[in-house]
Structure formats: C-alpha cells, structure tokens
Amino acid sequence: MAQDKELAVGGFAQGDLYNASRPGYPDDAITHFVRTFNLDERSHVLDLGAGTGIFTRQLLAHVGRVSAVEPSASMRTTFAQETPGVAVLDGSDESIPLADHEVIAVFAAQAFHWFDPSRALPEIHRVLAPGGGLGLIWNERDTDVEWIRELNHAMLWDLNFPYDASLDYGAIVAAGPFRDVRSSKFHHSQLLTHDQVLQRTLTTSYITLMDEEPRRHLSSEVLRTLAKLPDPVEMPYVTTTYVAFAIDS
C-alpha cells in the first residue's frame, strides 16, 4: 500500500498553498475521536504526518499536548508558522522520534495511505501507551455529487489518483498489532470561490509534480468545469475515520 516516496514527500513541497486551501475536518469526527479514546486535558497525543497542522490545531482544544511529526520540510515550515506553541519534529511513519509508550493516541489525517503498514503499524504501536488508540481520518470529495465527478475527471483523478479511497484500511490496521477496528463516515462542506477550488486542486500531490504546460492545461479544464457553477460554491466531502486500540505486548 505504501506509495512512491517522491510523490509522498516531493508532492507536498508547497506548504503555504496546501494550508490555505485544504479543508479542516468535521467537528463530529473530532468528537468521535475524543469520546472513543477518552481524551482530556491530561492526554498527550501524536499527529503523524501532520502536514501544515490543520488537524493538529483542531485537536488542541481537546487534549493537553499534541506532538507532531512530518517528513516534508515545506510542510514543517508552514506548520511552525501557523501552529505556535506546538513543536513539529522531522520524522516519518517508519521512524517516530518519540519514546516508547509516550502517547495515549496516534492520529494520521490524510496521511495513512502514504505509510508502509508493515513498518508503520509496529512503530505506531511502540510509541503508544498500553491499550492506546489509533485514529485515521480522510476527507474525500463527495462523488455522489455530479459536479464533483466532473471535477475529478478534469483534474485527471481517475487516471492519476495517488491512493484508492475505497480500500478497506480497517483490514490493514487489523493485520497489525491492533484490535477493535471500527469505521465511521461523516459529511461536511467547504465554501470556496472558483479560484480557491483551483488552488485546492493544485495542491494534489501528482499535480504539484507535473510540468508547467500539462498543469496549465489541467487548470483550464478545472475552470471550465467550474464556470457553470455558483461562485463561491459548496464543495462537499465525505469524511471516513477508523479507530483501533493497541494490543498489549
């Protein structure tokens, strides 16, 4: 399941653009994590593959401490600018710079599909306290909506998608040292101008690595799709979560 490392790291070399255009996560999904893992002001948790800190900042209101780990230097720079008071560490799913059993929960927001589960799950288990929790979350554009399907076609998602959103990540987690894996879905939306939708599109990993001319052509196709829609427009998302608990060693 692990993806090409150039795409995983090089595809996210524009942290400021990513931070400005990517959505947050629905409040009810955050509440679901908090209740499932019994998080409170005493809890120390890890945001693994923290990016620019979008998910980290949503966690801060619910826990006492968030540690953040991110392999992309550009993402870490933006994270530090946007998330004062939280240190972001250089590390990865295979090498987490935390001590054994240091956190009560590990989260991966829009990131687990880049991990190598055979290496990442034991490493995540290592830093978790006994019985600690693992939470995964993804925002996906809602393809039940016609214009979203057209947008995906315009941005060549059907040809270049960097991961399979339909994959059962629960089965992958359950194959590691984790138990009681459960999945839930939530819905939310983001109000964006057409230009913001385009900027959101341009943060997609494979698009950031395109040469200038193909990227310009893709941008034109995206704007053509948007031209018949209100400006601004509601971009709908389906948010998928997985929760699991560490099996005691």
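Check the entry above for the structure.
Calculation criteria
- Residues numbered from 1 in each chain as written.
- Predicted model: local features only at pLDDT ≥ 70, side-chain atom pairs only at ≥ 80, totals over all residues.
- Heavy atoms only, no water.
- Helix = DSSP H or I, 4+ residues; strand = E, 2+ residues; numbered from the N terminus.
- Buried < 20%, exposed > 50% of the residue type's maximum accessible area, 1.4 Å probe, protein only.
- Lys, Arg positive; Asp, Glu negative; His and termini not counted.
- Salt bridge = Lys/Arg side-chain N within 4 Å of Asp/Glu carboxyl O.
- Polar contact = N/O pair within 3.5 Å; in protein donor to acceptor, adjacent residues only side chain to side chain.
- Contact = heavy atoms within 4.5 Å.
- Axes fitted to C-alpha atoms, helices over the stretch in contact; angles between N-to-C directions.
- Parallel < 35°, antiparallel > 145°, perpendicular 65-115°, else oblique.
- Left-handed = near helix turned anticlockwise from the far one by under 90°.
- Nonpolar A, V, L, I, M, F, W, Y, C, P; charged D, E, K, R; others polar.

Engineer: Sorry, what's going on with the side chain of E70 here?
Structural biologist: Tracing the chain through its elements places E70 in the loop between β2 (65–69) and α5 (73–82). One buried charged residue, E70, forms no salt bridge at all, with the nearest opposite charge on R76 at 6.0 Å. For E70, the side chain forms a polar contact with the main-chain nitrogen of G51, separated by 2.7 Å. At 2.9 Å, the side chain of E70 and the backbone nitrogen of S72 are in polar contact. The contact partners of E70, leaving out residues within four places of it in the chain, are G49, A50, G51, M75, R76, V88, L89, D90 and G91.

Engineer: Where do I start with the packing of helix α10 (residues 194–202) against helix α12 (residues 212–226) in this structure?
Structural biologist: Think of two packed helices as two axes; the pair is described by the angle between the axes and how far apart they sit. Running from amino to carboxyl end, α10 crosses α12 at an angle of 140°, the nearest separation of the two axes being 10 Å. Taken together, the axis directions place α10 and α12 in an arrangement best described as oblique. Here α10 runs over α12; the crossing is right-handed. Contacts between α10 and α12 involve H194, V197, L198, T201 and L202 from the former and R215, L218, S219, V222, L223 and L226 from the latter. Broken down by class, the residue content of the contact of α10 with α12 amounts to 7 nonpolar, 3 polar and 1 charged.

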